[in-house]
Amino acid sequence: MENRPPVAVKSIGKMKPQLVVLGTGFGAVSLIKKISLAHYDVTVVSPRNHFLFSPLLPSTTVGTIEFRSIIEPIRLARKGITYFQATAVDLDKMSKTVVCEQVEDKRRFSVKYDKLIICVGAVNNTFGIEGVYEHALFLRELIDARRIRNRIIDNFERAALPALDEPEQKRLLHTVVVGGGPTGVEFAAELADFMSDELTATFPAQIQAANITLVEAGKQILSTFDEGLADYAMKVFKRRNVTVLTNTTVKKVTATAVLLSSGQELPCGLVVWSTGNGATAFVKSLPFERDKAQRLVTDGYLRVKNELDIFALGDCATIENYTQPATAQVAQQAGAYLATQLNAMAKRGSPEPVGEKFKRINFGMLAYVGDNRALAELPQAKSSGIGTWLFWRSAYLTKLISLKNKALVLFDWTKAILFGRDISRF
Ligand code: NAI
């Protein structure tokens, strides 16, 4: 579709400053929930019209949790805001305007801001490796989880067809997960659960040929976790026949195989690519300072360096001289902090943030490793096992943003225990 000239959006009331938020992730939503609508007119721009509770995304790939249970429409997250379903593609600092592109027909329009908050997250990092975009599936959005779920079931159905030779059956039932960070590990764990429960019961003749390989470039999986906890995850995987290849990278992905740096070829029916975050095209196009990972550099008040009215937080940003992980909890805390700061600035009528700079509270890290076992690395303790899995579940249940989400997730978990996960493909 050709790009038509941007259509300017009418000024949305002149009395209050226009606060434009780019994104609907953890950072954006925690800001939107706290910002004072008495002091700002808030416009949210994002191609995704809902908030996604991504820590539970791996569970949706096998149906432990249903897709709609972990999303909340942005229009319901805070009444009184304006929302545009579009992608920010350009920024004009002089006219304080963001150029946006509609998701479906790519028509462009512009939105004026007095204060701009960039929390557009990240995209999948492929390191330019051949065949990844064409043949691998990612795990970032619900659509990705849906694709993975359908592919797993489809591969089992195809493997059960008559006249299929053994190598082809084995290929279809082999899943390769690339990247041993929390995303890759949690997905492999969920798939191992699905295979040992529902797929064993419903495909008894095929399940022996099925297996999972996790490929990790570093010397251990879950490198951000304590070594003892990562070893525990390795033991759980070993017991469940998940093969872990460390110190191994992927050179190429084809329609039927993954080629490793060692020269080994792994025939497979599904490749899930989870090698971490990269910057979005929009962030890379901005005329601001970025770090080596292409994240926007901000000061301690989350203000983009050398800018007065532009802020950035979450996975697309980094604070100068203040290292922090790219996690949901950091983005959430940053969003809430910035809302408080902006509210205070509006009340004082001051253009400058004052008081405390952003400081994150470390609530620790959790990861599910399968077989009803999880890891917890908390500031005060480290733990693993079944008790930690119960803690993992209760922690995420309390963190879900709406009562509806909490009820649905609780219902899904109960349903999976009582009736098993669904194996229909549609
Ligand atoms: P990640 O960046 O944490 O892990 C990616 C992994 O892929 C790394 O271990 C890296 O060594 C490996 N890798 C990179 N290139 C590779 C290649 N070519 N071949 C094989 N392996 C390769 O990414 P992830 O898991 O997607 O997480 C993204 C962010 O979100 C991280 O900051 C993570 O901590 C956070 N997160 C935290 C969760 C939790 O605490 N439960 C859950 C999910 C994400």
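Residues numbered from 1 in each chain as written. Predicted model: local features only at pLDDT ≥ 70, side-chain atom pairs only at ≥ 80, totals over all residues. Heavy atoms only, no water.

The next point concerns the sheet that holds strand S16 (residues 257–260). Strand order in the open sheet made by the 3 strands is S15-S16-S17, with antiparallel pairing throughout. With one partner strand each, in any of the chains shown, strand S15 (250–253) and strand S17 (265–267) form the two edges of the open sheet. Across the sheet, the mean angle from the axis of one strand to that of its neighbour is 20°, orientation sign disregarded. As defined by bridge partners, S15 adjoins S16 across 3 bridges and the pair is classed as antiparallel. (Pairing = 2+ DSSP bridges. Helix = DSSP H or I, 4+ residues; strand = E, 2+ residues; numbered from the N terminus. Axes fitted to C-alpha atoms, helices over the stretch in contact; angles between N-to-C directions.)

Here the focus is the packing of aromatic side chains. Tallying each qualifying case throughout the model produces 9 aromatic pairs. Centre to centre, the rings of phenylalanine 84 and phenylalanine 109 are 5.5 Å apart; their planes meet at 75°, and the pair counts as edge-to-face. Linking phenylalanine 84 in strand S6 (residues 82–92) with phenylalanine 109 in strand S8 (residues 108–112), this pair joins segments that are 25 residues apart in sequence. With a relative accessible area of 21%, phenylalanine 84 lands in the partly exposed category. What links up through ring pairs into an aromatic cluster is the set Phe26, Phe51, Phe53, Tyr368, Trp392 and Tyr396. Residue placement shows lysine 399 over the ring face of phenylalanine 363; its charged tip is 5.3 Å from the ring centre. (Phe/Tyr/Trp six-rings, centres within 6.5 Å; stacked < 30°, edge-to-face > 60°. Buried < 20%, exposed > 50% of the residue type's maximum accessible area, 1.4 Å probe, protein only. Lys NZ or Arg CZ within 6 Å of the ring centre and 35° of its normal.)

Time to look at the pairing of strand S23 (residues 365–370). Burial of S23 is extensive: 5 of the 6 residues sit out of reach of the surface. Bridge analysis of S23 against strand S24 (residues 373–377) gives 5 bridges, and the strand direction is antiparallel. Across the sheet, residue leucine 366 finds its bridge partner in S24, namely alanine 376. Taken together, S23 and the strand that follows it, S24, pair antiparallel across an intervening segment of 2 residues, in which aspartate 371 is found at a positive phi of about 55°.

In this model, helix H11 (residues 386–399) (14 residues) spans 20 Å end to end at C-alpha, consistent with the 20 Å of a helix rising 1.5 Å per residue. Within H11, burial applies to Thr388, Trp389, Trp392, Arg393, Ala395, Tyr396 and Leu397. Summarising the contacts, the buried residues of H11 are in contact with helix H2 (57–60), helix H7 (182–202), S23, S24, strand S25 (382–385) and helix H12 (403–419). (Expected span 1.5 Å × (residues − 1). Contact = heavy atoms within 4.5 Å.)

To continue, consider the site of the ligand. Near the ligand there are 20 residues, and of these Thr183, Glu216, Ala217, Ala326 and Leu366 occur at the shortest range. The backbone of proline 182 places a nitrogen or oxygen atom 3.2 Å from an oxygen atom of the ligand. Side-chain polar atom of threonine 183 to an oxygen atom of the ligand: 2.9 Å apart, as the coordinates give it. Starting from 840 Å² of accessible surface for the ligand in isolation, the protein chains cover 77%. Here the shell around the ligand is composed, by residue class, of 10 nonpolar, 9 polar and 1 charged. (Near = heavy atom within 4 Å. Polar contact = N/O pair within 3.5 Å; in protein donor to acceptor, adjacent residues only side chain to side chain. Areas by Shrake-Rupley, 256 points an atom, 1.4 Å probe, with all protein chains shown as cover. Nonpolar A, V, L, I, M, F, W, Y, C, P; charged D, E, K, R; others polar.)

Once that is clear, we can look at the sheet that holds strand S12 (residues 174–178). Pairing in this open sheet of 5 strands is parallel, and the strands run S11-S18-S12-S13-S14 from one edge to the other. Looking at the sheet topology across the chains shown, the edges are occupied by strand S11 (137–138) and strand S14 (242–245). Pairing geometry for S11 and strand S18 (residues 270–273), over 2 bridges, is parallel. From the neighbouring strand, phenylalanine 138 faces S18, where its bridge partner is tryptophan 273. Here H7 sits on the sheet in contact with S12, strand S13 (211–215), S14 and S18, set at roughly 170° to S13.

Moving on to the pattern of salt bridges. Enumeration according to the criterion identifies 24 salt bridges in this entry. Measuring nitrogen to oxygen at the nearest pair gives 2.9 Å for the salt bridge that ties lysine 305 to glutamate 320. Residue lysine 305 is found in the loop between strand S20 (296–298) and strand S21 (310–312), and its partner glutamate 320 is found in the loop between strand S22 (317–319) and helix H10 (328–348); the two are separated by 15 residues along the sequence. Through salt bridges with shared partners, a single ionic network connects Glu66, Arg149 and Lys415. (Salt bridge = Lys/Arg side-chain N within 4 Å of Asp/Glu carboxyl O.)

Before going further, it helps to spend a moment on the domain arrangement of the protein chain. In terms of domains, the protein chain is made up of domain 1 (7–122 + 277–348) and domain 2 (132–275 + 364–419). Inter-centroid distance (C-alpha atoms) of domain 1 to domain 2 is 30 Å. Across the contact, 28 residues belong to domain 1 and 31 residues belong to domain 2. Both faces considered, domain 1 and domain 2 share a buried interface measuring about 2800 Å² in area, 61% of it formed by carbon and sulfur atoms. (Domains from an automatic or database assignment. Buried area = accessible area lost by both parts, 1.4 Å probe.)

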